[in-house]
Amino acid sequence: MDRVRTGLERLTATPRPGRERVGLVTNPTGVLPDLTPAAPALLAAGTRVTTLFGPEHGLRGTAQAGGGEAAAVDPVTGLPVADTYGRTGAELDALVAASGVQALVFDMGDVGARFYTYVWTMCDLMGSAARLGLRFTVLDRPNPIGGAVAEGPVLDPAFASFVGRAALPLRHGLTPGEIALSANRAAGAALEVVPMEGWRREWHFDRTGLPWVMPSANMPTLDTALVYPGTGLLEGVNAAEGRGTTRPFELVGAPYADGRLAAALSDLGLPGVRFRDTSFTPASGRHAGVPVRGVQLHVTDRETFPPVLTGVSLLHVLRTLYPGDFACDPFLDLLWGSDSLRAHLEAGRDPRGLCPPPGPPEGDLLYG
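What you are looking at is a predicted structure, and each value in this text was computed from that prediction instead of being measured.

S.K.: What is the right way to read the environment of Gly7 from this model?
M.R.: Following the sequence through the fold, Gly7 ends up in helix 1 (residues 7-13). The contacts of Gly7, once residues within four sequence positions are left out, are Leu139, Asp140, Val194, Pro195 and Met196.

In structure tokens, the structure reads:
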């Protein structure tokens, strides 16, 4: 099997010893193929890392969704750790300035869905770097669900938030480095992207030869990432998205659902996926401790499976079967990138026409 060489591996293989103080933005996904974390790897290569910056879920990945880790000292390197989560603009600038770093390096894995926040931490810090006159380097990593297909609506700028800063499709098909190149047109940072070697856009993560490290507490496997651009939308309605189970985002359901849900979804004939009737009790997240009825998604063909259309179809079926129980939250607008999906659901209209056909990704593509 061919193996991908990440930006981190390429940079540490050709050290660039320097005297400037470097801030490293990373989390557990920032590792070499032998699982050496980015911080000690860069230090061993001569990079003068002086501060570590953690994103949502934290440098160590201990926090649940919507949280970071408190400022601390990294027990591995002895370096101070700053928490960026929830900080933007002047507050984020002040955090970076107080660290005394002269450059920022970003090394984190993404999952390929616009509402996953790590690339927006990258973009926010790239803006800080531009305003503070710091160099910004992105060590690129694969899009784990492949980079050959984009799917779903492009974000309406009126609905920009930390779950979507830029006008990307919901499943964007890009790598962190490619997103950085596009976003830097507005940010204007002194940006360098260290690209991967050997990655092919059509590859899913298990073709890369790299170790899978959980990007966050409820993203345990590649199977989770495959369905997440669709079933992640359930976080904007009153259903359980499977947090607090061993199959988050693959198990979905609601206290008001019944066996009709699996049958109705199966009748839609969606490509590349099957639905199994099941029951579960989430240990955390929405409906924690409450038994729910729902489905498990079984992806049978990654190449034809449309995660966004599947997620929208799931919401449509829940609304159709259980109109007196199903309800949307305004957060759905931020996840979807406009209020069109919520408007269709609340009016009882079929929202599946809101999904553009899947197509190739667009932007500053680094890989053929």
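S.K.: Can you help me understand the nonpolar core in this one?
M.R.: Across soluble globular proteins, nonpolar side chains show a tendency to be buried alongside one another. Formed by 81 residues in total, the largest nonpolar core has its most connected members in Leu104, Met122, Phe136, Leu233, Leu261 and Leu315. Of all the elements, helix 4 (residues 118-132) adds the most residues to this core, at eight residues. If we ignore the near neighbours within four places in the chain, the residues touching Met122 are Phe106, Phe136, Val138, Pro176, Ile179 and Ala180. The next biggest cluster of nonpolar side chains, apart from the first, holds 18 residues, and it includes Ala39, Ala41, Leu42 and Val194.

S.K.: Would you take a moment to explain the pairing of strand 2 (residues 49-54) for this structure?
M.R.: Taken residue by residue, a regular strand's side chains alternate between the two faces of the sheet. Most of strand 2 is tucked away, with five of its six residues classed as buried. In this sheet, strand 2 lies alongside strand 1 (residues 22-26) in parallel orientation, the contact comprising four bridges. The residue of strand 2 that forms the bridge with Val25 is Phe53. Regarding the hand of the β-α-β motif, the stretch spanning strand 1, helix 2 (residues 38-44) and strand 2 is right-handed.

S.K.: What exactly am I supposed to notice about the sheet that holds strand 1 here?
M.R.: To summarise the sheet geometry, strands pair through backbone hydrogen bonds and adopt either a parallel or an antiparallel arrangement. The seven strands lie next to each other as 3-4-2-1-5-6-9, forming an open sheet whose pairing is mixed. Edge strands, defined here as strands with exactly one partner in the open sheet, are strand 3 (72-73) and strand 9 (190-194). Relative to strand 9, helix 5 (residues 176-187) is tilted by about 160°, and along the sheet it contacts strand 5 (103-107), strand 6 (135-139) and strand 9.

S.K.: Can you help me understand the pattern of salt bridges in this one?
M.R.: Pairs can form between side chains of opposite charge once their charged atoms are near each other. One pass over the full model with this rule turns up 22 salt bridges. Put simply, Glu69 and Arg60 hold a salt bridge, and the shortest N to O gap is 3.7 Å. On the basis of relative accessible area, Glu69 is assigned to the buried category, the value being 9%. Overall, the relative accessible area of 40% leaves Arg60 in the partly exposed class. Across the pair Arg260 and Asp258 runs a salt bridge, and its minimum N-O distance is 3.1 Å.

Conventions we followed
Residues numbered from 1 in each chain as written. Predicted model: local features only at pLDDT ≥ 70, side-chain atom pairs only at ≥ 80, totals over all residues. Heavy atoms only, no water. Helix = DSSP H or I, 4+ residues; strand = E, 2+ residues; numbered from the N terminus. Contact = heavy atoms within 4.5 Å. Core = buried A, V, L, I, M, F, W, Y, C linked by side-chain atoms within 4.5 Å. Buried < 20%, exposed > 50% of the residue type's maximum accessible area, 1.4 Å probe, protein only. Pairing = 2+ DSSP bridges. Right-handed = clockwise from strand over helix to strand, strands pointing away. Axes fitted to C-alpha atoms, helices over the stretch in contact; angles between N-to-C directions. Salt bridge = Lys/Arg side-chain N within 4 Å of Asp/Glu carboxyl O.

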